[in-house]
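A look at the structure
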Amino acid sequence: MLAGHVDDRPIDIVLDTGAGKTFVALTYCRSEGIAVTDTGLPGHGGNVYTLGDVRLTLDGLPLRTDGVFALDMSSTNQRLMTRGVDPIRAVIGQDVLRHH
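Residue numbers run consecutively from 1 along every chain, following the written order of its sequence. In keeping with the model being predicted, local features are shown solely for residues with a pLDDT of at least 70 and side-chain atom pairs are shown and tallied solely at 80 or more, while totals for entire chains, interfaces and linings include all residues. For the side-chain quantities, the full set of heavy atoms in the structure was used; hydrogens and water were omitted.

Let us now look at the pattern of salt bridges. As a working rule, side chains carrying opposite charge can pair if their charged atoms are close by. Salt bridge, as used here: a side-chain nitrogen of Lys or Arg that lies within 4 Å of a carboxyl oxygen of Asp or Glu. Tallied over the full model, the rule gives four salt bridges. One salt bridge in this structure joins Asp7 and Arg9, with 3.8 Å as the shortest N-O distance. Think of it in three bands: residues with accessible area under 20% of the maximum for their type are buried, residues over 50% are exposed, and the middle band is partly exposed, with areas taken using a 1.4 Å probe on protein chains only. Among the residues examined, Asp7 registers a relative accessible area of 31% and is labelled partly exposed. Across the pair Asp66 and Arg98 runs a salt bridge, and its minimum N-O distance is 2.8 Å. Placement of Asp66 in the loop between β7 (61–62) and β8 (68–71) and of Arg98 in helix α3 (residues 94–99) is noted, with a sequence separation of 32 residues between them. The exposure class assigned to Asp66 is partly exposed, which follows from its relative accessible area of 35%. A residue is classified by how much of its surface remains accessible, and Arg98, at 55% relative accessible area, is exposed. Helix and strand labels come from DSSP, where a helix needs a run of H or I of at least four residues and a strand needs a run of E of at least two; each type is numbered from the N terminus.

Listed below in structure tokens is the structure:
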């Protein structure tokens, strides 16, 4: 896991070269009071949400993305936790890798 921030909120981030976009768990957004907007598009576990103009950083360095999205990661995180793995809060996808 990588230590990052969404705006000034700390968050652990996973690098996933198979993920096309960068996203944050919807439950994290709601618990941290991060505003999300439903795009109406289906995604993993429900609709895809956009976080709007948030600043995502690693070690204080801003990351360029194609946008930061939110997804319901509940089912994935439940499976991970049954295997003793910490839940995923955020994922850096291919969009960041392309930009950097």
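Moving on from the coordinates now.
For strand β1 (residues 2–6) and strand β2 (residues 9–15), the ladder comprises five bridges, and the chain directions are antiparallel. Each bridged residue has a counterpart across the sheet, and for Leu2 the counterpart in β2 is Ile13. What sits between the antiparallel neighbours β1 and β2 is a turn of two residues, in which Asp7 has the positive phi angle 55°. Following DSSP output, two strands are said to pair if at least two bridges run between them. Relative to strand β9 (residues 90–92), β2 is paired through two bridges, and the arrangement is parallel.

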